[in-house]
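Letter by letter, the chains look like this.
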Amino acid sequence: MVPAWLWLLCLSIPQALSEAQLAELHVEVPENYGGKFPLYLTKLPLPRGEAEGKIVLSGNSGMASESPFAVDRESGFLMVTRALDREEQPEYQLQVALETDDGRVLWGPQPVLVHVKDENDQVPHFSQAIYSVRLSQGTRPGIPFLFLEASDEDEPGTANSDLRFHILNQAPAQPFPDMFQLEPQLGALALSPKGSTSLDQALEGPYQLLVQVKDMGDQASGHQATATVNISIVESTWMPLEPIHLAENLKVPYPHHISQVRWSGEDVHYHLESQPPGPFDVDTKGKLYVTMELDRESQAEYLLQVRAQNTHGEDYTEPLKLLVVVMDENDNAPACPPRGPPIRIPELSPAGLSSTCEVTVTITDINDHAPEFTTSQIEPISLPEDTEPGTLVATLLATDGDLEPAFRRMDFAIEAGDVDGAFGLKWEPDSGHVQLLLLKNLSYETAPSYQLVVVVRSEAELVGPGPGPGATATVTVLVEKVVPPPKLNQESYEASVPVSTPAGSLLLTIQPSDPMSSPLRFSLVNDSEGWLCIKEVSGEVHTARPLQGARPGDMYTVLVEAQDAGEPTLRTAVTLVIHFLKAGSASAPALPLVPTRHLCTPRKNHGVVVSGASEDTDLADGHGPYHFALGPNPTVQRDWRIQALNGSHAYLTLALHWVEPREYSVPVVVSHNNRMWQLLVRVIVCRCNAEGQCMRKVGRMKGMPTKLSAVGILGGTLLAIGIFLVLIFTHLSLARKKDPDQPADSVPLKAAV
């Protein structure tokens, strides 16, 4: 008889061998698959002859009732039943087993790893739509002063999320159009060598950069996004420092503030070096401290170097040097030489005796030096009238010749020139640096200039002569009138055209947001292929030549610059993105007209919503957005404008302020998954009342007279009345002739002639 343990061992060995042979299967599924479902992925190694078992599919594919995976029992294929999104879940861990109704495992479980292959379906995004940064004069070329940040939700480490940064436009373009450079991979914005040498002669107004981030690395295709960088050029406050005299063994709380530096740019980190190493430190605001008492006998002088660095530890400019001199204090008692051998003098010796005494005299400081500014006249400083309150206008430096720290404390005030209180002062008690700040908004019409007189006084009572001429400093501030740049009716423009569009076709019209604004002059900046042209005055964008080399699905981005005709320095720029569509086919189905809508003329702020969904299942099958474009007729493209609302609808509006009131059939070209067809949108253009309701001509109501019949009735009535009056007067006249004996008083009076 065979023992029971031997039977169990024999039964477990085949099961262990089968489990060891079931290696994990790896399957890849394309993201957003647009074909038919179910999609068969791989054939599972199911055992034959186990017809009584059922297939059990489990894993992290979501809820059992909504799992996108299934197994075809007849073929043994693992299949997916709907499209997958990698951004929702990049991988699925599945297990397939063959079990009996009571849960006994006949085969498996077979592990399956399903990887969702990424598709470039995510558009990169900047961390900010508008960046604002201050750039100090004196910044070295190539040292980044701003790091742009952008993200892409596609799979990391692939070309779909490989981002590149570029500068599309610089406004203004003076003195050079390439004043700045942008590192493509890191997004590090810095001055170019040409921009660094020309920054002092540059315009005093701000610069505006239009920057782009694009995925797919250095490839021409890919999604892109834009952002604006506003750069304000500020005066450098990185000034040389006067030597500092510090008393040794100074009894004050430590760390003790001794000086301050300031870099007027942004994102600055201060770094201090001491030679030889000493007890000095600098904080994030540029304040310099001594952290412990100094001893002149150990070290009489220290040379400090303060560096202004960006977030990557790179110096914006040359370091500032500061000499610290340790002043001597009578802190060491005199030392006598060792006692010598005794000298014997006989009593009553003829020579006389003498003695020497040593006296210590300490001279104390008095407040006999008035503080004075190092510069009594500041060159004129220009501020645009839209400068934000809190902006640093200038930094003044005052010195005091006294040695006692209490006598070196100063007080500052604006003595004259600030009638409306638009400016203020800020300083540290132990520092001679005072900051002149803007406190209120400026107005060129109210005050085009200010002449501020700043005075410095000693906090302690002054001994001796009073303050001299150096106790005042004059700062001249010139207010610049700000004229806003031109504004267009859209922040960006898009158009979809077939690749077969002939030369001279009107694509769209660029217009100002205010039709009553001053005239603009339009130009294209970076039309590298030479496919487009724009009319300088009207802003109409046409194809300059056939679109040779363009492929359906590609995008072509150009920059449109609008310049004020009266003020050439006032300009703005927008992006124009052209989507290329597949050429039209003669066999495209004729679709029914879109139901009639109405629009108002003169133009009001509303339009007609057009749906791209088609009743033809062959055209509507698949996924992805619909693209809309007007028909190639130049008149249609001149009078109408269409823009996408979402992935399936567009918004049709009037492009002109006035269109003749009547019914229009507007051709709209719809493209979807490289298929293209045309809709005819029926639109009634009419005059509207204040509520935007269409006013139409009213026809004659049934049973109501017309104008002609009303005139006829009125004429007939007047004729009947006239005939009736004639009959009455005739009858009265005949009655008088028949009665000659009528009394005289009954005869009617006649007027004397």
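> With reference to specific residues and values, describe unusual backbone geometry.
Backbone torsion omega between glutamine 174 and proline 175 reads -5°, so that peptide bond is classified as cis. Glutamine 275 connects to proline 276 through a cis peptide bond whose omega is -5°. Relative to the assigned elements, proline 276 resides in the loop between strand 19 (269-275) and strand 20 (280-282). Of note in the backbone geometry, asparagine 32 takes a positive phi value of approximately 55° without being a glycine. Position of asparagine 32 relative to the elements: it lies in the loop between strand 1 (25-30) and strand 2 (39-43). Of note, methionine 216 is a non-glycine position whose phi angle comes to about 70°, a positive value.

> Run through the packing of aromatic side chains, naming residues and quoting values.
The full count for this structure, using the stated rule, is 18 aromatic pairs. Between the aromatic rings of tyrosine 33 and phenylalanine 37, the centroid separation amounts to 5.5 Å while the plane-to-plane angle is 90°, which identifies the pairing as edge-to-face. For tyrosine 33, a relative accessible area of 26% corresponds to the partly exposed category. Taking 6.4 Å as the distance between ring centres and 10° as the angle between the ring planes, the aromatic pair formed by tryptophan 238 and tyrosine 270 counts as stacked.

> Any details on the confidence of the model for the protein? Residues and values, ideally.
Within the protein, residue pLDDT values average 82, and 84% of them lie at 70 or more. The low-confidence segment residues 585-596 (pLDDT under 50) makes 16 contacts with residues lying over four places distant or belonging to another chain. Of the regions scoring below 50 in pLDDT, residues 744-753 engages in one contact with residues more than four places distant in sequence or in other chains.

> How would you summarise the pairing of strand 37 (residues 555-564) if you had to cite specific residues and measurements?
Of all ten residues making up strand 37, seven are buried, and the element is well covered by its neighbours. Pairing analysis gives nine bridges linking strand 37 to strand 38 (residues 571-581), with the strands arranged antiparallel. Pairing of methionine 555 across the sheet is with histidine 579, part of strand 38. Count of turn residues in the strand 37/strand 38 antiparallel hairpin: six residues.

Basis of the calculations
- Residues numbered from 1 in each chain as written.
- Predicted model: local features only at pLDDT ≥ 70, side-chain atom pairs only at ≥ 80, totals over all residues.
- Heavy atoms only, no water.
- Helix = DSSP H or I, 4+ residues; strand = E, 2+ residues; numbered from the N terminus.
- Phe/Tyr/Trp six-rings, centres within 6.5 Å; stacked < 30°, edge-to-face > 60°.
- Buried < 20%, exposed > 50% of the residue type's maximum accessible area, 1.4 Å probe, protein only.
- pLDDT = per-residue confidence, 0-100.
- Contact = heavy atoms within 4.5 Å.
- Pairing = 2+ DSSP bridges.

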